[in-house]
Amino acid sequence: MNSSENVAQSAGLSERGYRSATPQPFYWSVRREVWENRSIYIAPLIVATVVLFGFLISTIGLPERRQAVLMLDPAKARAAIETPYTMAAIMLILTAFIVGVFYCLDALYGERRDRSILFWKSLPVSDLTTLLSKATIPLIILPLVTFAIVIITQFVMLLWTSAILITHGMSPASTWTYFPLFRNSFILLYGLAAIALWHAPIYGWTLLVSGWARRATFLSAVVPFLAIAFFEKITFGTSYFASMLKDRLMGFAPKAFAFNMHSVDCPQLTPGVYLSSPALWLGLLFAAAFIAAAVRLRRYRGPL
């Protein structure tokens, strides 16, 4: 009789109905990262609170402005009504990117600094599982958290706007027509996925720096790229490297979306163009290489 059967009998469980728990190291590793890094959801919540407070102040005089906006052509009216909601989403997406970068910079460096790496490496969790769980935070968890907070924030903004218009004898239909929450939610989820994949090499690089640097992880991650850009500009008078960095930060937009400022239904989603972009797949290859190097570093790196 093995140990699991002994446990089952001592707990009063029949052998047929008893099932031993299956270890889930990756799942619990991700849970640990969320537990230990509350900034993953606290920082976006703080920004959402500030955005809502600013929006509430900006709605003073909204009925008069809305009457003037509705006199414009549909494209300009849509742009004017959508702007506060779009800015709220942009602020939260930018917050998620900043949180993701600083999370990655501290993901391996922090456990080396406080020497907890000795404890975590003693557990039956491989270095690959650990690195993949850490990479999951900026690539999956943060986009999902951001999506939920953006939708809730925009919904509260819509309700507040509707309440103000109704109390002034106006119909809130213009807001819900020019900013359809369901359609925009799908666009937002698609955009967050596109951004996460496009920024994957940035997160991979910062994870690698986190496992390699002995101090000043942010400077260690940023200074080499700035030095290369300055060297190219001073030596050759060109800025190809700086353009490449800019494209890696913001180049997802023209590939994932087709913008048409004269259309009420813009932007249009272009997943085919995005997924066929060589820059996307090259970036994912670099991200995989950086994470593989970080796995090897963690295997042989000790505490600071």
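**Comments concerning the side chain of Arg66**
Move 1: The residue Arg66 is located in helix α4 (residues 62-69) in this model.
Move 2: Glu64 provides the closest opposite charge to the buried, unpaired Arg66, separated from it by 10 Å.
Move 3: Every residue in contact with Arg66, bar those within four places of it in the chain, is listed here: Ile81, Thr161, Leu165, Met170, Ser174 and Thr175.

**Here we look at the pattern of salt bridges**
Move 1: For the structure shown, the criterion picks out 10 salt bridges.
Move 2: Arg113 serves as the salt-bridge partner of Asp106, at 3.3 Å between the closest nitrogen and oxygen.
Move 3: Taking the relative accessible area as the measure of exposure, Asp106 reaches 31% and is therefore partly exposed.
Move 4: For Arg113, a relative accessible area of 44% gives the class partly exposed.
Move 5: Within this structure, Arg32, Glu33, Glu36 and Lys134 form a network of salt bridges that share partners.

**Focus on unusual backbone geometry**
Move 1: One non-glycine residue, Ala216, lies in the positive phi region at around 50°.
Move 2: When you line up the elements, Ala216 lands in the loop between α11 (200-212) and α12 (217-236).
Move 3: The partly exposed category is assigned to Ala216, whose relative accessible area is 40%.

**Topic: the environment of Thr146**
Move 1: Checked against the element boundaries, Thr146 lands in helix α8 (residues 127-167).
Move 2: C-alpha separation for the pair Thr146 and Ala96, spaced 50 residues apart in sequence, amounts to 6.7 Å.
Move 3: Beyond its immediate stretch of four places on either side in the chain, Thr146 contacts Leu92, Ile93, Ala96 and Leu192.

**Looking at a nonpolar patch on the surface**
Move 1: A surface patch of nonpolar side chains, amounting to about 550 Å² of accessible area, comprises Leu94, Ile98, Phe102, Phe218, Leu219 and Val223.
Move 2: Of all the elements in the fold, those that place two or more residues in the nonpolar patch are α5 (74-107) and α12.
Move 3: Summarising the element assignment, Phe102 is placed in helix α5.
Move 4: Take Phe102: its relative accessible area is 47%, and that puts it in the partly exposed class.

**Some thoughts on the packing of aromatic side chains**
Move 1: Taken as a whole and assessed by the stated rule, the structure comprises 13 aromatic pairs.
Move 2: Consider the rings of Trp205 and Phe225, whose centres lie 5.3 Å apart with planes at 85°: the pair is edge-to-face. Of this pair, Trp205 sits in helix α11 while Phe225 sits in helix α12, and the two are 20 residues apart along the sequence.
Move 3: Relative accessible area serves as the criterion here: at 22%, Trp205 is assigned to the partly exposed category.

Quick notes on the rules
- Residues numbered from 1 in each chain as written.
- Predicted model: local features only at pLDDT ≥ 70, side-chain atom pairs only at ≥ 80, totals over all residues.
- Heavy atoms only, no water.
- Helix = DSSP H or I, 4+ residues; strand = E, 2+ residues; numbered from the N terminus.
- Buried < 20%, exposed > 50% of the residue type's maximum accessible area, 1.4 Å probe, protein only.
- Lys, Arg positive; Asp, Glu negative; His and termini not counted.
- Salt bridge = Lys/Arg side-chain N within 4 Å of Asp/Glu carboxyl O.
- Contact = heavy atoms within 4.5 Å.
- Patch = residues over 30% accessible without salt bridge, like charges linked within 9 Å, V, L, I, M, F, W, Y side chains within 5 Å.
- Areas by Shrake-Rupley, 256 points an atom, 1.4 Å probe, with all protein chains shown as cover.
- Phe/Tyr/Trp six-rings, centres within 6.5 Å; stacked < 30°, edge-to-face > 60°.

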